[in-house]
Amino acid sequence: MSNIKVIVAGPRGKMGKEALKMIHNQSTLTLVACIDRKHEGMTVKELDGFPDMEAVIYTDAATCLSEVEADVLIDLTTPENGYKHTKLAIENGVRPVVGTTGFSEDELSELTTLASERGIGTIIAPNFAIGAVLMMQFSKWAAKHFPDVEIIEKHHDQKLDAPSGTALKTAELIKEVRHPHKQGHESETETLEGARGADVDGMKIHSMRLPGLVAHQEVIFGGHGETLTVKHDSIHRESFMSGVKLAAERVMELDVLVYGLEHILD
Ligand SMILES: NC(=O)C1=CN([C@@H]2O[C@H](COP(=O)(O)OP(=O)(O)OC[C@H]3O[C@@H](n4cnc5c(N)ncnc54)[C@H](OP(=O)(O)O)[C@@H]3O)[C@@H](O)[C@H]2O)C=CC1
Ligand SMILES: O=C(O)C1=N[C@H](C(=O)O)C[C@H](O)C1
């Protein structure tokens, strides 16, 4: 697979910068444009500290996605804008690869329908790190044997959405094998609201936000006289880039939306 023409939305963000660096350093993807909130008409290489790339920056996503000849949109923005960009991309025949988290269930289901109707391959991956995908799969396996489980996710303090997309996806995978039931003492009460975390079918999700963190998750299972912890840490955003590259290549072979990188991993 060679020369996949890519648009990146959110190029100045923490993930966007890393994605530009990755695209610059490999040969199958070519950056053809960026969607940003600033720098209309400038090229990437004109921005301080950015790679030597000729791609033009658009501030209007609709113009960019309808005018630029592109195969793939990589979206790394915010929940609200990521949803709009994904929809626009599908409508314009550009395949979305979406890392942006925080979409509602309704938004995901609308995008799934739209992608199928138009036959446009789409990948929405709450986590592109291969280790995180394995952590989620191991958790699903463990939940078959340990149905009492709590998820603790820890992220940097600039994150907009809580719980993280990864924690929600983990809970969704566990739900496939776990019968809904209340955990803890049947009469337990919270003397401080939120103390027991968010609830998904009785399992709990706790979200921590601190400077210094990147992206971390522990899934803790409790059994009779034992606990099992499945843990993943992204200590650098480079950890997400092999997944972004793989998704941009594999999305070219799809004609529906898939949610989660596990669907394209061998
Ligand atoms: N799937 C995965 O593996 C991962 C997913 N993520 C997700 O990716 C997203 C981005 O994360 P991160 O890079 O840390 O966040 P940042 O806040 O660092 O970056 C977001 C960028 O999006 C830009 N932006 C906002 N609105 C628009 C718009 N309308 N058009 C173009 N650009 C826009 C922001 O610009 P401005 O600065 O001007 O506001 C900012 O540069 C989040 O949803 C996060 O949860 C993060 C890591 C891994
Ligand atoms: O915002 C982040 O940083 C991350 N977001 C994704 C999520 O919500 O799970 C993936 C990763 O955890 C980093």
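- Under an unreviewed UniProt entry, the name given to the protein is 4-hydroxy-tetrahydrodipicolinate reductase, and the organism recorded is Halobacillus trueperi.
- Under the heading Subunit (unreviewed entry), UniProt records this for the protein: "Homotetramer."

## Points about the overall build of the protein
Argument step 1. Scanning the protein for helices and strands turns up seven helices and twelve strands.
Argument step 2. Judged by the C-alpha coordinates and their principal axes, the protein covers about 60 × 40 × 30 Å.
Argument step 3. By the burial criterion, 49% of the 266 residues in the protein qualify as buried.
Argument step 4. A separation threshold of at least 6 residues defines the contact pool for the protein, and within that pool the share at least 24 residues apart is 69%.
Argument step 5. Entry remark: accessible area of the protein is about 13,000 Å², with carbon and sulfur atoms responsible for 50%.
Argument step 6. Side chains of the protein carry 27 positive and 41 negative charges; the gap between the two charge centres is 2 Å.

## Looking at helix H1 (residues 14–24)
Argument step 1. For H1, the full list of buried residues reads Met 15, Gly 16, Glu 18, Ala 19, Leu 20, Met 22 and Ile 23.
Argument step 2. Structurally, H1 contributes buried residues whose contacts are with strand E1 (4–9), strand E2 (29–35), strand E4 (72–75) and helix H7 (241–250).

Scoring rules and cut-offs
Residues numbered from 1 in each chain as written. Chains lettered and ligands numbered in written order. Predicted model: local features only at pLDDT ≥ 70, side-chain atom pairs only at ≥ 80, totals over all residues. Heavy atoms only, no water. UniProt positions renumbered as here; feature names shortened; annotations may be inferred. Helix = DSSP H or I, 4+ residues; strand = E, 2+ residues; numbered from the N terminus. Buried < 20%, exposed > 50% of the residue type's maximum accessible area, 1.4 Å probe, protein only. Contact = heavy atoms within 4.5 Å. Areas by Shrake-Rupley, 256 points an atom, 1.4 Å probe, with all protein chains shown as cover. Lys, Arg positive; Asp, Glu negative; His and termini not counted. Charge placed at Lys NZ, Arg CZ, Asp CG, Glu CD.

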